[in-house]
Amino acid sequence: MVTADERELAERSVARMWTSDAASAALGMRLVEVAPGRAVVAMTVRDDMVNGWGMAHGGLVASLADSAFAAACNSRGVVTVAAGFDVTFLESAQVGDELVATAEERALRGRSGLYDVAVRRADGTVVAELRGRSRSVGRAIEG
């Protein structure tokens, strides 16, 4: 059970990070939900986000998943960065598709964490899966 204090810390910590995240803002990403160890981020595929085949560029789909991963792993009030991640692409997305990335903490041990992120189209189809490894820098998120 998540306490009100844990939820408030998650919301405050992620808001602090998110307001300075120029890359996510430039891609039109929206923070939908945050809770301890969990985050949901959405993005609509624009005309300038497709590859030479007219499909959403994989790097931008990965960026969406990475932004949700970042929000989830910073929800504990400690500055945390990616130590690495692997992405598997399962389906394509097209211009106009609303993509939603849901990140969930799987394990947190000391300064290391493990997160899974599913990126879905509006119809629920999984477009990509990311497995992320995080590392805390050991400093509280200020603000």
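Residues numbered from 1 in each chain as written. Predicted model: local features only at pLDDT ≥ 70, side-chain atom pairs only at ≥ 80, totals over all residues. Heavy atoms only, no water.

Engineer: I'd like a description of helix H3 (residues 58-73), backed by residues and values.
Structural biologist: Compared with an ideal rise of 1.5 Å per residue, which puts 16 residues at 22 Å, H3 spans 22 Å between its outermost C-alpha atoms and is within 8% of the ideal. Where H3 is concerned, the buried positions are Leu 60, Val 61, Ala 62, Leu 64, Ala 65, Ser 67, Ala 68, Phe 69, Ala 71, Ala 72 and Cys 73. (Helix = DSSP H or I, 4+ residues; strand = E, 2+ residues; numbered from the N terminus. Expected span 1.5 Å × (residues − 1). Buried < 20%, exposed > 50% of the residue type's maximum accessible area, 1.4 Å probe, protein only.)

Engineer: Residues and numbers for the packing of aromatic side chains, please.
Structural biologist: Evaluation of the coordinates by the stated rule reveals one aromatic pair. A centroid spacing of 5.6 Å and a plane angle of 55° characterise the contact between Phe 69 and Tyr 115, whose relative ring orientation is tilted. Here Phe 69 is found in helix H3, whereas its partner Tyr 115 is found in strand E5 (residues 112-120), with 46 residues between them in sequence. Residues Phe 69 and Tyr 115 agree in their burial class; the two are buried. (Phe/Tyr/Trp six-rings, centres within 6.5 Å; stacked < 30°, edge-to-face > 60°.)

Engineer: Could you give an account of the environment of Val 137, naming the residues involved and the relevant values?
Structural biologist: Structurally, the position occupied by Val 137 is in strand E6 (residues 126-140). Taking the C-alpha atoms as reference points, Val 137 and Val 100, separated by 37 residues in sequence, lie 28 Å from one another. Not counting chain neighbours up to four residues away, the residues in contact with Val 137 comprise Val 79, Val 81 and Arg 111. (Contact = heavy atoms within 4.5 Å.)

Engineer: I'd like to hear about the nonpolar core, residue by residue, with values.
Structural biologist: Core analysis: the biggest nonpolar cluster contains 31 residues, and Met 29, Val 61, Leu 64, Leu 99, Val 117 and Val 119 have the highest contact counts within it. The greatest single-element share of this core, amounting to nine residues, is contributed by H3. Leave out the neighbours within four places in its chain, and Val 119 touches Val 61, Leu 64, Ala 65, Leu 99, Val 100, Ala 101, Thr 125, Val 126, Val 127 and Ala 128. (Core = buried A, V, L, I, M, F, W, Y, C linked by side-chain atoms within 4.5 Å.)

Engineer: Could you give me a rundown of the pairing of strand E1 (residues 30-35), with the residues and numbers involved?
Structural biologist: Two elements, E1 and strand E2 (residues 38-44), share five bridges in a ladder whose sense is antiparallel. Across the sheet, the residue bridging to Leu 31 is Val 41, located in E2. Two successive antiparallel strands, E1 and E2, enclose a turn made up of two residues, where Gly 37 displays a positive phi of approximately 75°. (Pairing = 2+ DSSP bridges.)

Taken by themselves, the reported measurements are silent on function.
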